[in-house]
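Summary of structural features
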Amino acid sequence: VLVVGGGCGYATVATPAGHAPSIAVPLFENRTFEPLLDVRVTERVKSRLVATGPWRLVNRPGAADLVVRGVVTALGVTPVSFDRSNRVLEQRVTITAQITADRRNQAAAGPAFQGTVTGTSEYSEVGDTLQIRAAKNRAIEEAGDLLAQDVIARLRSLERLEPRSGPTDRPTPSPISAPPEAGP
């Protein structure tokens, strides 16, 4: 059974109950002045969750095993490089968010995870205003994607989950395991 979120840019595949932990990601709160940054970052996190698994994305937090909430607290734009006339050539976008992950029926124990995550990306300040804004938008998307990767890594650590392997993927050997010793 295939469930597609209309206009959301991601899709989920239904799995048998108990096979994959369910996760909900309500719309993040936006405490910046960048319009729709909350939507963009939330969608990046959801897309990463679906792409990397093993979670099953659900829409209702009350039906999820794990609920990830976020507050986008900052969007910084910092000059990175300048020309000889001291004009900015390149800018760095940094998105910062506070993330909290709560397990169902364990609210009294406190959050399963709480922390700050960031994502950064650079863009060129060369061109007309529309080109610069388009470049900044791409950098915001890339920074949001890196922030989402950070969230996923922390969730994997929390759940002690390995990335989903495709049919042609080979399992990655553990860095702790030593190669078998050669015989005499």
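Since the model is a prediction, treat every value here as computed from it, not as a measurement. (Residues numbered from 1 in each chain as written. Predicted model: local features only at pLDDT ≥ 70, side-chain atom pairs only at ≥ 80, totals over all residues. Heavy atoms only, no water.)

Helix and strand content of the chain: two helices and eight strands. Of the regular secondary structure in the chain, the N- to C-terminal order runs β-β-β-β-α-β-β-β-β-α. Relative to its full complement of 184 residues, the chain shows a buried share of 32%. For the chain, long-range pairs separated by at least 24 residues make up 66% of all intrachain contacts whose partners lie at least 6 apart in sequence. Here the chain displays about 11400 Å² of accessible surface, and carbon together with sulfur accounts for 54% of that area. (Helix = DSSP H or I, 4+ residues; strand = E, 2+ residues; numbered from the N terminus. Buried < 20%, exposed > 50% of the residue type's maximum accessible area, 1.4 Å probe, protein only. Contact = heavy atoms within 4.5 Å. Areas by Shrake-Rupley, 256 points an atom, 1.4 Å probe, with all protein chains shown as cover.)

With that settled, the discussion passes to helix H1 (residues 37-52). Side chains three or four residues apart in an α-helix point the same way, a direct result of the helix having 3.6 residues per turn. The first and last C-alpha atoms of H1 sit 22 Å apart over 16 residues, in line with the 22 Å expected at 1.5 Å per residue. Every buried residue of H1 is listed here: Leu37, Asp38, Arg40, Val41, Thr42, Val45, Lys46, Leu49 and Val50. Phi turns positive, to about 55°, at Gly53, one or two residues after H1. (Expected span 1.5 Å × (residues − 1).)

So, on to the nonpolar core. Grouped together as the largest cluster of nonpolar side chains are 32 residues, with contacts concentrated most on Ile23, Leu49, Val68, Ile95, Ile99, Val151 and Leu155. Elements represented by at least two residues in this core include exactly H1, strand E6 (66-82), strand E7 (88-103), strand E8 (113-124) and helix H2 (129-159). Apart from the residues within four sequence positions on either side, Leu49 is in contact with Ile23, Val25, Trp55, Leu57, Ile152 and Leu155. (Core = buried A, V, L, I, M, F, W, Y, C linked by side-chain atoms within 4.5 Å.)

Now for the pairing of E8. Side chains Phe113, Gly115, Val117, Gly119, Ser121 and Tyr123 of E8 all project onto a buried face; the interleaved residues Gln114, Thr116, Thr118, Thr120, Glu122 and Ser124 project onto a face where none is buried. By the bridge criterion, 12 bridges tie E7 to E8 in an arrangement that is antiparallel. Within the sheet, the bridge partner assigned to Ala101 lies in E8 and is Phe113. (Pairing = 2+ DSSP bridges.)

Moving on, we come to the pairing of E7. Bridge analysis of E6 against E7 gives 15 bridges, and the strand direction is antiparallel. Bridging across to E7, Gly70 finds its partner in Ile99. Here E6 folds back onto E7, and the loop between the two strands holds five residues, one of which, Asn86, carries a positive phi near 70°.

Here Thr32 shows up in the loop between strand E4 (29-30) and H1. Reaching out from Thr32, the side chain makes a polar contact with the side chain of Asn30 at a distance of 2.6 Å. One polar contact links the side chain of Thr32 to the main-chain amide nitrogen of Glu34, over a distance of 3.2 Å. In this view, Thr32 contacts Leu37, Val72, Thr73, Ala74 and Leu75; residues no more than four positions away in its chain are not counted. (Polar contact = N/O pair within 3.5 Å; in protein donor to acceptor, adjacent residues only side chain to side chain.)

Phi angles above zero are rare outside glycine, and Leu36 is one such case at about 65°. Its place among the elements puts Leu36 in the loop between E4 and H1. Take Leu36: its relative accessible area is 58%, and that puts it in the exposed class. The phi angle at Asn86 is positive, at roughly 70°, despite the residue not being glycine.

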